[in-house]
Amino acid sequence: MARLVNSTDLEVRVDCHLFGLADAEADESLPDAGRPSAWAGVGESALVFESEEDLVRARLRLELWDGPAAIDGEQWPRTTTAAWTLPSGVLGVDELTAGAVPEVFVVPPGEYAMRLGWHSEGAALVQMWPTRR
């Protein structure tokens with residue numbers, strides 16, 4: 001059974017229905033939503049959430065696990081999985097026109113599987129666990 005190693009809860013600004021999360025050394029722009037789902041987009045080291053609702057703020061929960069994480073399907077009705085590479089392991093939030101919030105969560109550099117969750121009440125979840133280091 002997987003164990004939760006670390007977590008943090010953040011309030012983020014949503015701009016034009018979007019906000020992102022990226023590794024500090026990511027060499028890419030935020031991806032477009034639509035891959036892997038209509039409400040999320042994942043690049044090599046960055047991701048974006050897109051809200052259907054006209055939100056100003058959203059709650060973002062980041063979780064690091066030591067293996068595949070469990071999820072409450074009732075609390076998180078929309079989920080998808082993806083993979084990404086974190087060259088530095090230092091994550092920052094991209095609030096688009098409001099700017100970036102650096103170093104909101106730090107994990108060991110490496111390759112990760114992740115599960116993204118979205119709740120229509122303006123809550124987002126990123127669960128990640130290492131696949132290789």
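Quick look at the structure, then.

1. Concerning the sheet that holds strand β7 (residues 78-86)
Pairing within the open sheet is mixed, and its five strands lie in the order β1-β6-β11-β10-β7. Looking at the sheet topology across the chains shown, the edges are occupied by β1 (4-13) and β7. Across the sheet, the mean angle separating the axes of adjacent strands is 20 degrees when strand polarity is ignored. Pairing geometry for β1 and strand β6 (residues 57-65), over nine bridges, is antiparallel. Looking at β6, one finds that D9 is bridged to R61.

2. Section: the packing of aromatic side chains
Here the structure, examined in full by the defined rule, presents four aromatic pairs. Relative to F49, the ring of F19 lies with its centre 5.3 Å away and its plane at 25 degrees, an arrangement referred to as stacked. Residue F19 is found in strand β2 (residues 18-23), and its partner F49 is found in strand β5 (residues 46-50); the two are separated by 30 residues along the sequence. An identical accessibility class is assigned to F19 and F49; each is buried. One aromatic cluster is present, built from ring pairs that chain together F19, W39, F49 and W118.

3. Brief notes about the nonpolar core
The biggest cluster of nonpolar side chains holds 29 residues, and the ones touching the most others in it are F49, V126 and M128. Those residues in contact with F49, other than ones at most four positions away along the chain, are H17, L18, F19, W39, L60, L116, G117, W118, A124, L125 and V126.

4. Focus on the sheet that holds β5
Sheet strands pair by backbone hydrogen bonding; their relative direction is either parallel or antiparallel. If you trace the six strands from one edge of the open sheet to the other, you get β3-β4-β5-β2-β8-β9, paired in antiparallel fashion. What marks the edges here is a single partner per strand, and that holds for β3 (36-37) and β9 (100-106). Relative to β5, strand β4 (residues 40-42) runs antiparallel, the two sharing three bridges. Across the sheet, residue A40 finds its bridge partner in β5, namely F49.

5. A closer look at the pattern of salt bridges
Close approach of charged atoms allows side chains of opposite charge to pair. Counted by the stated rule, this structure contains five salt bridges. A salt bridge links R61 to D9, with the nearest nitrogen and oxygen atoms 2.9 Å apart. Here R61 is found in strand β6, whereas its partner D9 is found in strand β1, with 52 residues between them in sequence. R61 gets classed as partly exposed once you look at its relative accessible area, which sits at 22%. With relative accessibility at 55%, the residue D9 sits in the exposed group.

Cut-offs and rules
Residues numbered from 1 in each chain as written. Predicted model: local features only at pLDDT ≥ 70, side-chain atom pairs only at ≥ 80, totals over all residues. Heavy atoms only, no water. Pairing = 2+ DSSP bridges. Helix = DSSP H or I, 4+ residues; strand = E, 2+ residues; numbered from the N terminus. Axes fitted to C-alpha atoms, helices over the stretch in contact; angles between N-to-C directions. Phe/Tyr/Trp six-rings, centres within 6.5 Å; stacked < 30°, edge-to-face > 60°. Buried < 20%, exposed > 50% of the residue type's maximum accessible area, 1.4 Å probe, protein only. Core = buried A, V, L, I, M, F, W, Y, C linked by side-chain atoms within 4.5 Å. Contact = heavy atoms within 4.5 Å. Salt bridge = Lys/Arg side-chain N within 4 Å of Asp/Glu carboxyl O.

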